[in-house]
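Structural overview
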Protein chains: 2
Amino acid sequence: MDQPDERPTRALTIYDVARHAGVSIASVSRVLNGRNSPRPETRERVLAAVAELGFVPDGAARALSNRLKEVVAVVYRRPKDKPPDEFAEEEESLLFTDVINRGVEAGARKHGFDVLLSTVDVHDHGPQARITSIAGKSDGLILHDQVLEPDGIARLAQRVPVVTLAGTLTSASVNIRCDNSAGMRELTTHLLVDHGYPTIAYLSGHGDSPDNVARATAFLAGAAAAGIEPLTGELWRGNYMAAGGAQVIRDVIGRGLPLPRAIVCANDQTAIGVLYALAQHGVRVPHDVAVTGFDDVPVARHLHPQLTTVRQPIQKLGATAFDVLYALISGERRPEREVVLPTSLVIRGSCGCQIENDPPMSIMDG
Amino acid sequence: MDQPDERPTRALTIYDVARHAGVSIASVSRVLNGRNSPRPETRERVLAAVAELGFVPDGAARALSNRLKEVVAVVYRRPKDKPPDEFAEEEESLLFTDVINRGVEAGARKHGFDVLLSTVDVHDHGPQARITSIAGKSDGLILHDQVLEPDGIARLAQRVPVVTLAGTLTSASVNIRCDNSAGMRELTTHLLVDHGYPTIAYLSGHGDSPDNVARATAFLAGAAAAGIEPLTGELWRGNYMAAGGAQVIRDVIGRGLPLPRAIVCANDQTAIGVLYALAQHGVRVPHDVAVTGFDDVPVARHLHPQLTTVRQPIQKLGATAFDVLYALISGERRPEREVVLPTSLVIRGSCGCQIENDPPMSIMDG
DNA sequence: CTGAAAGCGCTTACAG
DNA sequence: CTGAAAGCGCTTACAG
C-alpha cells in the first residue's frame, strides 16, 4: 500500500492505529505502554496494526501528557575563535567534552533517557535565550564550564533541574567535579620531591574556571612546601587549548627567558600545545624540560613522549552528572550540593620517569 | 518570592505569564515568538513578566502545536563488547563518530535545531523499539553504520526522514559518504608505485560495511594494476577497532608468517592497534613495515610515527548529513539519493616518506 | 492589535 | 477489560 518513494502527507496518529485495529485509542495506548490490562487478543490486533502501519508515536505528545520528555540536555561551549590551523582539529575534537558527554549518554540509556547536545558560543550574546530553548526541550540540564555565569545558573536552577560540571556552587544547582587538589598535590610532589626539579612553572587555564583555581592553588601550595618559587602569572596564562599552550612557550622563548625544568599544564590539551612548541624549538622532553597534563584524555598516551598526567574518571563524571540530574528530575531524593570524584596520578614518560618499552597503560610509582 | 532552595511544585505555564502581565495567552505567545503584531506596551509587559518569573516555555507543547520539534537524532552503535583494557579508552572515545556528531551539531545550530544523541548496542535485540522511541522524539534521523539493517532503514524511512552515513542505499533514505575509491586509489598508488613496496596487506573492517567493501575493492584493483598479489582474507580481518588490528598482527606473527612490507588498514583506529602490536614485537615502522590508516582522525598526527592516511572531511560529513536531513524535513526540495564527499591523501611518516622535523600538518607529494 | 477557542497527539482517571 | 472524554501547554486561524 505504501508508495515506496513518497513521504506520507500526514504522519500517522494513534487514531489511525485504533481504526486499523478496530479498538479505541485508549487500548492502543495501553498496549504501546506495556500495561497488562488489555487482553491478549486486543494486544495482538494492536501490535499487528502498529507493525503493519509502521507507526511511530509522537514523543512530543507523550511528553506533554506525561510531563516527562525523557531527555536531558548537555550544554557546552564552542571555543571562542576558530583556532589556528595547526591545532584546528584538536580543538574541534574537544576531547574532554566528548568523553564526558559519552558518560552522560551511558547513564541516560539505563533510564530510557536520551541526550540533547547543544552548544553556546561567545557570539550568542544572550546565552539565556538559547539555553531557555534547550531547557524547554529537556527535563533537565547538564552545564559544562563557561556556559553560563553563576547568576544565570542560579536563576535557571530555580525553574529546571540543573547540574554543573566543574562549576560554581549555586543555591539550587548541583555541582560535579573531581578532586583537583589531591591530584595536583600528588603530581607536584612527584615532580618536586621524587624528581627534585629545581624550577617549575604552572601554565594555567581560564583564570575564572573553578578547576583552574583549584589546580593552581594546590600547585602553589606544593611548590611552597618544597621551598620553590614557581613561575606563574600573566606570562604563563593559557586557555585550556593547545594553541594557548604553544603560544605561551613561544612567548617565553621569544623573550629569551629561561625555561623551567618542569612545566605543569592546566590540562592535557594545553600540554599537547606545549609539547608541540617545545619540539619546534628543539627542546627535548623530558630530557631538557619535563611536561605534565591533567585529565588523561585518550590521546595522552599517544603523545611523544607519552604524557604524565592526572587522571580524572572522565566518563564517570558524565555518568554521575546524569545520575544526579535524574534524582533531581524524579524528585526521589535531594542530592548533595556537590559530588567530588577521585583523581589519580598517571606516570608515563613526559615527567622524566624511565618507562620500559612503550606499554601504554604502565603506571609506576616514582 | 521564590524560595531559593525549593523546586516549584508545578512548572509555570503561559497562563501564569499571561495573568502576571494582564494579557491573554495569545499575546504572550506572540511576543515569545517574535511576531510583530503586539504593540510595544504589550510586548514590554509580557517580557517583564517572563523575565520576572523566569518562564521556560515547554518545548513539547510547542512541538505538538507546530508539528516540528527542531530536533534531529543521531544514532550510532556502541561497540559490541567492552574492549580489552589496553584500548578501552580509545574505543570508548570513538573518535570518528564524535567528530561527525560535532559536524551535525554545527549544521543544526544554524537552523535552531538541537541534536539528540543516542546509541544502540548489540544487546538491544530489537533495535526497532529503541529507534522508534528516538524517532518519536525527533523530526528526523541520522543513522551511523551498523545501527539498523537495510530493511529496517527502508521501513523506517517510509515514515520519518532518514539520512544514513556510509550506509546502504534505500528506497526512501538518503546516504552520505565519502569517496572511498578515489582515496584508496591514491593511497595504493603511493605505496605500490611511489614507494614500490613489493608486498602489501589490507587489514579490513567489518566485512559488511559499505565503506569497507569500497575500500577493499579499490585496494585490490590498485594491487592488481601494480601486478601484486596482496595479503587479504580471513587472517587479515579486523573490526574497525584498535583491538582488532592488534589481534591480527599478533596472529600473523604468532603463526610465524612473514609480515608484508606495507599494511593498509581499513581505518585509523585499526592502524593505532597495528602500530601498537608491531612496536610490542620490535617491528619498526616505517623502516620494517609501512602502515597506513583511513579517516584522518585527530589523533592520527600524534601517533608515532605520524600516520599517513586518507583524509575524509569528517565534520563536513556530519554537517552535510544535517543539511540533507533538513531538506527532507522541510520538504523544500527532494535531495539526491546519495551525496559523495571528496577524500585526499595525507602523507606523514608512517608510509615511509621522510618527513622533516615533525610539522604536524605537512603534506608532501611522494 | 487582541482575545476566546479549537486543535496538535498522546495518557489516564472515570464509568461501565 | 474497554471506551468516551478531559487534559497536558502551547499556536494560530477567526472574530472583533
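The numbering scheme is per chain: residues are counted from 1 as the chain's sequence reads. To read the labels, note that chains go from A and ligands from 1, taken in the order they are written. Thresholds applied to this predicted model are a pLDDT of at least 70 for local features of residues and 80 or more for the giving and counting of side-chain atom pairs; totals over whole chains, interfaces and linings are not thresholded and use all residues.

1. Things to note about the overall build of chain A
Regarding its fold elements, chain A presents 13 helices and eleven strands. The buried share of chain A, reckoned over its 366 residues, is 52%. Summarising the internal contacts of chain A: among those between residues at least 6 apart in sequence, 70% fall at separations of at least 24. Counting from the N terminus, the helices are DSSP H or I runs at least four residues long and the strands are E runs at least two residues long. Each residue is classed by its C-beta neighbour count within 10 Å, where at least 20 other C-beta atoms makes it buried, 12 or fewer makes it exposed, and intermediate counts make it partly exposed; the C-beta atoms are placed from backbone geometry. Each residue gets a C-beta atom placed from its backbone, and two residues are in contact if those atoms lie within 7 Å.

2. Concerning the protein's contact with DNA strand C
Taken together, 27 residues surround DNA strand C, and among them Ile 14, Ser 29 and Ala 61 of chain A together with Ser 24 and Pro 38 of chain B come closest. Listed by contribution, the elements that provide at least two residues to the surface near DNA strand C are helix H2 (25–32) and helix H4 (59–66) of chain A together with helix H2 (25–32) and helix H4 (59–66) of chain B. Along the lines of polarity and charge, the residues of the surface near DNA strand C split into 13 nonpolar, ten polar and four charged. Defining nearness, a residue is near a molecule or strand when the C-beta atom obtained from its backbone falls within 6 Å of it. Following the grouping adopted for this structure description, the nonpolar residues are Ala, Val, Leu, Ile, Met, Phe, Trp, Tyr, Cys and Pro, the charged ones are Asp, Glu, Lys and Arg, and the polar ones are all others, Gly among them.

3. Quick look at unusual backbone geometry
Glycine aside, residues mostly have negative phi angles, and peptide bonds mostly take the trans form. With an omega of 5°, the peptide bond between Val 285 of chain A and Pro 286 of chain A qualifies as cis. For Pro 286 of chain A, the location among the structural elements is in the loop between helix H12 (268–280) and strand S8 (290–292).

4. Section: the protein's contact with DNA strand D
Around DNA strand D, 27 residues are found, and the nearest of them are Ser 24 of chain A together with Ile 14, Ser 29, Ala 61 and Ser 65 of chain B. Those elements that place two or more of their residues in the surface near DNA strand D are H2 and H4 of chain A together with H2 and H4 of chain B. Here the residues of the surface near DNA strand D sort into 13 nonpolar, ten polar and four charged.

5. Remarks on the environment of Tyr 326 of chain B
All names here are of chain B. Locating Tyr 326 in the fold gives a position in helix H13 (residues 314–330). Classification of Tyr 326 as buried rests on a count of 21 C-beta atoms within 10 Å. Taking the C-alpha atoms as reference points, Tyr 326 and Arg 30, 296 residues apart in sequence, are found 25 Å from one another.

6. A short note on the packing of helix H9 (residues 180–194) of chain B against helix H10 (residues 210–225) of chain B
Residues and elements named next belong to chain B. At a minimum axis distance of 8 Å, the contact between H9 and H10 shows a crossing angle of 35°. As H9 runs across H10, the sense of the crossing is right-handed. Taken together, the residues of H10 that come into contact with H9 (itself represented by Asn 180, Ser 181, Met 184, Arg 185, Thr 188, Thr 189 and Leu 192) are Asp 211, Ala 214, Arg 215, Ala 218, Phe 219, Gly 222 and Ala 223. Taken together, the residues that form the contact of H9 with H10 break down as six nonpolar, five polar and three charged. Where helices are involved, their axes are fitted lines through C-alpha atoms of the stretch in contact, as for all axes, and angles between N-to-C directions lie from 0 to 180°. Whether a crossing is left-handed or right-handed is set by the direction in which the near helix is turned from the far one by less than a right angle, anticlockwise for left-handed and clockwise for right-handed.

7. Topic: the sheet that holds strand S3 (residues 140–143) of chain A
The mixed open sheet is built from twelve strands, whose spatial order is S10(A)-S5(A)-S4(A)-S3(A)-S1(A)-S2(A)-S2(B)-S1(B)-S3(B)-S4(B)-S5(B)-S10(B). The strands lining the two open edges of the sheet, one partner per strand, are strand S10 (338–341) of chain A together with strand S10 (338–341) of chain B. With strand direction ignored, the average angle separating the axes of adjacent strands in the sheet is 20°. Each pair of strands is called paired provided DSSP finds at least two bridges between the two strands. Pairing of strand S2 (residues 114–120) of chain A with strand S2 (residues 114–120) of chain B involves three bridges; the strand directions are antiparallel. In the strand pairing of S2 of chain B, Val 115 of chain A is matched with Leu 117 of chain B. Along the sheet, helix H6 (residues 95–109) of chain A makes contact with strand S1 (71–77), S2, S3 and strand S4 (162–165) of chain A together with S2 of chain B, crossing S2 of chain A at roughly 150°.

8. Regarding the domain arrangement of chain A
All names here are of chain A. Domains assigned within chain A are domain 1 (14–57), domain 2 (71–178 + 314–341) and domain 3 (180–312). Domain borders in the structure are assigned automatically or taken from a domain database. Between the C-alpha centres of domain 2 and domain 3 the distance comes to 27 Å. Contacts between domain 2 and domain 3 engage 17 residues on the former and 16 residues on the latter. Residue assignment for the side of domain 2 that touches domain 3 shows that the elements contributing at least two residues are helix H5 (88–93), H6 and helix H13 (314–330). Examining the composition of the side of domain 2 that touches domain 3, we find that three residues originate from one element, H6, more than from any other. Among the residues making up the side of domain 2 that touches domain 3, the classes are represented as eleven nonpolar, three polar and three charged.

9. A look at the sheet that holds S8 of chain A
Residues and elements named next belong to chain A. Taken in spatial order, the three strands line up as S6-S7-S8 in an open sheet, and their pairing is parallel. What marks the edges here is a single partner per strand, and that holds for strand S6 (200–203) and S8. Neighbouring strand axes in the sheet, compared pairwise and without regard to direction, differ in orientation by 15° on average. Bridge count between strand S7 (residues 262–265) and S8: three bridges; the pairing is parallel.

10. Considerations on the pairing of S6 of chain A
All names here are of chain A. Residues Ile 200 and Tyr 202 point to one face of S6 and Ala 201 and Leu 203 to the other, with burial holding for every one of them. Across four bridges, the pairing between S6 and S7 is parallel. Following the sheet pairing, Tyr 202 is matched in S7 by Val 264.

11. Things to note about helix H9 (residues 180–194) of chain A
All names here are of chain A. Compared with the 21 Å implied by 1.5 Å per residue over 15 residues, the 20 Å span of H9 between its first and last C-alpha is a close match. Taken together, the buried positions of H9 are occupied by Asn 180, Gly 183, Met 184, Leu 187, Thr 188, His 190, Leu 191 and Leu 192. Gly 196 sits one or two positions beyond H9 and adopts a positive phi of about 65°. Any helix carries an expected span of 1.5 Å times its number of residues minus one.

12. Looking at the nonpolar core
Counting residues in each nonpolar core, the largest one holds 192 residues, and the members touching the most others are Ile 142 and Val 274 of chain A together with Ile 142 and Val 274 of chain B. If we ignore the near neighbours within four places in the chain, the residues touching Val 274 of chain B are Leu 203, Gly 245, Ala 246, Ile 249, Ile 263, Cys 265 and Val 291 of chain B. Joined through C-beta atoms within 7 Å, a set of buried Ala, Val, Leu, Ile, Met, Phe, Trp, Tyr and Cys residues constitutes a nonpolar core.

13. Overview of the environment of Gln 280 of chain B
With respect to the helices and strands, the residue Gln 280 of chain B is situated in helix H12 (residues 268–280). When the C-alpha atoms of Gln 280 of chain B and Ala 246 of chain B are compared, they prove to be 9.9 Å apart, with 34 residues separating the residues in sequence.

14. Focus on the packing of helix H6 (residues 95–109) of chain B against H13 of chain B
All names here are of chain B. Close contact between H6 and H13 brings their axes to 6 Å; oriented N to C, the two are set at 45°. By the angle between their axes, H6 is oblique relative to H13. Crossing hand, H6 versus H13: right-handed. Here Phe 96, Val 99, Ile 100, Asn 101, Arg 102, Gly 103, Val 104, Ala 106, Gly 107 and Ala 108 of H6 come into contact with H13, specifically with Ile 314, Gln 315, Lys 316, Leu 317, Gly 318, Ala 319, Ala 321, Phe 322 and Asp 323. Angles below 35 degrees are treated as roughly parallel, those above 145 as roughly antiparallel, those between 65 and 115 as roughly perpendicular, and all remaining angles as oblique.

15. So, helix H11 (residues 242–254) of chain B
All names here are of chain B. Counted at 1.5 Å a residue, the expected span for H11 with its 13 residues is 18 Å, and the 18 Å between its end C-alpha atoms agrees. Here H11 has its buried residues at Ala 242, Ala 243, Gly 244, Gly 245, Ala 246, Val 248, Ile 249 and Val 252. Immediately downstream of H11, the backbone of Gly 256 shows phi near 75°, a positive value.

16. With respect to the confidence of the model for chain A
Residues and elements named next belong to chain A. For every residue, the predictor states its confidence as a pLDDT score lying anywhere from 0 to 100. Averaged over chain A, the pLDDT score is 88; the fraction of residues at 70 or greater is 89%. Taken as a whole, residues 1–8 scores under 50 in pLDDT and shows five contacts with residues more than four places along the chain or in a different chain. Across residues 356–366, confidence stays below pLDDT 50; counting only partners more than four residues off in sequence or on other chains, it has 15 contacts.

17. Considering the pairing of S1 of chain A
Residue and element names in this part refer to chain A. Within S1, six of the seven residues are buried, leaving the element largely enclosed by the surrounding structure. Of the strand pairs in this sheet, S1 and S2 are connected by seven bridges, and their pairing is parallel. If you follow Val 74 over to S2, its bridge partner there is Leu 117. Here S1 pairs with S3 via four bridges, running parallel. Pairing of Val 72 across the sheet is with Gly 140, part of S3.

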